[in-house]
Amino acid sequence: MNTNRSLLIAAALGICLAESVLAQGARVRNNAPPPPPAGGSGMYFQLWADVMTTLHPERVVAVWMRSGSAEMFRPRSEFPQPQVPDGAYHVPTMGNPGAKEGGPYTGTLATFKQYRLKGAPVGFAPDPRTGHECGDSRYLAIPYLDACMAMRLPDKGSTDQTLKPVDMSHAWLAALVEKDPQNAAAVPAPEYQGNPLEAVWLPNEAVAKAWVEYVKTGAVSDPTPPPAPFDVKASQGETGVVITWNAAADFESGIRNFKVLRDGQELASVPEQPVGRFGRPLFQSMTYHDTPGQPLPAMRYVDPSAKPGETHTYAVVSVNSVGLKSAPSAEASQPKEPSPPTPPAAATSQVRDYRFDGSISRQVLENYLDRSISYTELLHDDLSQPLNRRGVDPRDNLRFIRNTGAKFVGRALMCWGRERELDTLLRNAKTFAAELHRADPDIVLQGAAFEIVTRGVESVAIPEYVFKEFGLPVVQRNFVFADIGYPTGTHRMGNGNIPDMNQLEARMWFFYLCSQYLDAGIEAIHFGQIGLMDQNDRQHVGWVDMLDRVRAYAHAHARRHFVICDAHTANGGFLKDGKLLFDVHAFPLRIAQDGEQPLKGKLQVGYTDALFLKSKGGITPSGWSCEHLPYLVEFDNFGGRNQGQSSAGTIFVWGYDEITWFSVLPEAARNQWLHYAWKWVQETDPNGHLEMPGSRVITPARNSGGPRWYWANTRSDACPNGSNTEQTIREIWAADSARK
């Protein structure tokens, strides 16, 4: 977004504006880049602002205190008691707690009263709609800080860079509206009838009028339409005409969405359903902390109905958060001549597009899903060793990935109850991932953060960045096992507990685990059975919070600034306010018993809880919308009952779990069934993608002494128990490339 005024507002969280930071010239709105620091609670920023004003009042232009103030901590003996210098009483300050808060509200109110008794230019603007979240406070914060900066900054080009004193000649005063905001009113200071040292101070008439509206409604209206978009371009893509544009920020209200016009008629809204979880719906949604939701949406739309060779003109209109529309942008024309046809895909699949950065298009995502394989614990192995703990040469696994042309490698790094080994797993994974990416930079490696945590988690120290991410004081401690699971302690999983995502410690653990995966080269994360972990969070608030943090970390640290998230979604998927929680859905195949012929199995729509034709649609984390989200179907592993016996109507296939059943088929039948499954999924539901079986734990018959691991590798000295499925996978993918 284009910014044209120099103003640093740290998401209205309470960072003071000091001379040392003004030169950054970053202006934060709902559609402009956020300044550092990000994450954490606004209250801690505000405490910093409050205390810094007592230390360097001569350098502070103004303070906006969202939520609490230092006053609420001063009674504590461990809190250093600052001496408030006279200069602090000359800094414009606005207290902005949520009316539904407790301590932060009373602390800010106490600060307001103390400072006003000294004649300080201090205001109090409680948000009637919110608690600790920021709501729509930015719509008052920006005009307030604009007014303070215009009043106090040195003249442009002046050699004297001393801040100007507050100009009281234009001030307005208002009675405190703590109890009855609907009667709020403000007047010029000379006309105020009450005690001015008990009144709310406001810098000028415009801010006073905005303040009156804000304390009544929690927002500020806007009579001015937004600027028109610019730099509109239209180009022919593979699936239609691609329209892109740029836009200036609407400083008063922010951009809600864009209207795409074709030949003067409205064609589409981007996004179709703007998100407003913590305030007005916006194009670039706000988090609880008033920082932009990640990944940032793209100003882009694909017109699939336009045919190559047709001539259309496109324009874009900005719509702000109060519904006012800009003038249409300048028009862009669709190319008159179609782009050269894309050459047929080669058998190696190398001509497919695997490019993404910051977000991922549906086409690129499905290109990856078409070359997906589950290869459990691939990255756990030490490449410097000749054999792994299962007697396989880890370099043969590396060779397998390269030879088949796999692009999306599922469950390559996972920590199922092995928290004590996490450092070793991560160290090996980083080396292995780097080796794979040197051979093929496009490969996406997936980590898994499952529905289990054991007492081994208490061996893991919580690093400083995790405390700061959640706005907590930094202390020296490890994760607490009991605080991650359900408070009842009754939700068990093997030798551990099921995490309760409603618990702060659980969100901290998942954020830490995922951030470590991303640092090791992971670009996709499977979150297991979300249904087991959100039984205290049916609105998915904890999940949204955790996923937002993981995605923001990926945006800053991942190889391509994005992470592809999925989970097992038996219900077809999870949505919050029309927005999909995950980039991809995933679920087991749910193979049905086929007649009474031993070991014969088939796929069937509606069998038990299979996902076929059930994947839900909505707005994806990358910003595009769909009726049905693409999904993966995999060979699951979960034990078995009465192996070799009929188990019709259950999730077992002849008494086996899916991958064990597949492994005990004769080699020819196994390869034939893989061809069948690939074709059946493609023909039955085009949103489905078969994840090939590469490496997975299996459950041998009791006391049989049979193998406990399935390998798709070609059998050799490097992989003695290989199932010889490697060539079949390669053939299926090669035929698919030739067909497409």
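Residues numbered from 1 in each chain as written. Predicted model: local features only at pLDDT ≥ 70, side-chain atom pairs only at ≥ 80, totals over all residues. Heavy atoms only, no water.

With respect to the overall build of the protein chain
For step 1, the next point in the chain: In terms of helices and strands, the protein chain carries 16 helices and 31 strands.
For step 2, the next point in the chain: The buried share of the protein chain, taken over its 740 residues, is 56%.
For step 3, the next point in the chain: Expressed as a percentage of contacts within the protein chain between residues at least 6 apart in sequence, the contacts between residues at least 24 apart total 70%.
For step 4, the next point in the chain: Accessible surface computed for the protein chain: about 30,100 Å², of which carbon and sulfur atoms make up 52%. (Helix = DSSP H or I, 4+ residues; strand = E, 2+ residues; numbered from the N terminus. Buried < 20%, exposed > 50% of the residue type's maximum accessible area, 1.4 Å probe, protein only. Contact = heavy atoms within 4.5 Å. Areas by Shrake-Rupley, 256 points an atom, 1.4 Å probe, with all protein chains shown as cover.)

Some points on unusual backbone geometry
For step 1, the next point in the chain: Here Val-270 and Pro-271 are connected by a cis peptide whose omega angle stands at -5 degrees.
For step 2, the next point in the chain: Relative to the helices and strands, Pro-271 is located in the loop between β10 (265-270) and β11 (300-303).
For step 3, the next point in the chain: Non-glycine residue Leu-613 carries a positive phi angle of around 65 degrees.
For step 4, the next point in the chain: By the element assignment, Leu-613 lies in the loop between β25 (601-602) and β26 (618-619).
For step 5, the next point in the chain: Positive phi values are uncommon outside glycine, yet Trp-654 reaches one of about 50 degrees.
For step 6, the next point in the chain: Along the chain, Trp-654 turns up in the loop between β28 (631-634) and α14 (658-664).
For step 7, the next point in the chain: Overall, Trp-654 belongs to the buried group, its relative accessible area being 4%.

Observations regarding the sheet that holds strand β4 (residues 172-174)
For step 1, the next point in the chain: The antiparallel open sheet is built from 3 strands, whose spatial order is β5-β4-β6. Because the sheet does not close on itself, it has two edges, and the strands there are β5 (186-188) and β6 (200-202). Taking the axes of each pair of neighbouring strands and ignoring which way they run, one obtains an average angle of 30 degrees across the sheet.
For step 2, the next point in the chain: Across the sheet, helix α5 (residues 205-217) touches β4, β5 and β6, and the angle it forms with β6 is around 135 degrees. (Pairing = 2+ DSSP bridges. Axes fitted to C-alpha atoms, helices over the stretch in contact; angles between N-to-C directions.)

What about the nonpolar core?
For step 1, the next point in the chain: In this structure, Trp-509 and Phe-527 are the most contacted members of the largest nonpolar core, which totals 106 residues.
For step 2, the next point in the chain: It is helix α11 (residues 504-519) that contributes the most residues to this core, 10 residues altogether.
For step 3, the next point in the chain: Core analysis: the second largest hydrophobic core is formed by 45 residues, Phe-112, Leu-140, Trp-172 and Leu-202 among them. (Core = buried A, V, L, I, M, F, W, Y, C linked by side-chain atoms within 4.5 Å.)

Thoughts on the packing of aromatic side chains
For step 1, the next point in the chain: Using the criterion set out here, one finds 32 aromatic pairs in the structure.
For step 2, the next point in the chain: On the basis of an interplanar angle of 55 degrees and a centroid distance of 6.4 Å, the ring pair of Tyr-375 and Trp-711 is categorised as tilted. Taken together, the residues Tyr-375 in strand β14 (residues 372-375) and Trp-711 in strand β31 (residues 709-711) connect sequence positions 336 residues apart.
For step 3, the next point in the chain: The structure contains a cluster of three or more aromatic residues connected by ring pairs, namely Phe-635, Trp-661, Phe-662, Trp-673, Tyr-676 and Tyr-710.
For step 4, the next point in the chain: Stacked on the ring of Tyr-139, the Lys or Arg Arg-138 has its end atom at 5.2 Å from the ring centre. (Phe/Tyr/Trp six-rings, centres within 6.5 Å; stacked < 30°, edge-to-face > 60°. Lys NZ or Arg CZ within 6 Å of the ring centre and 35° of its normal.)

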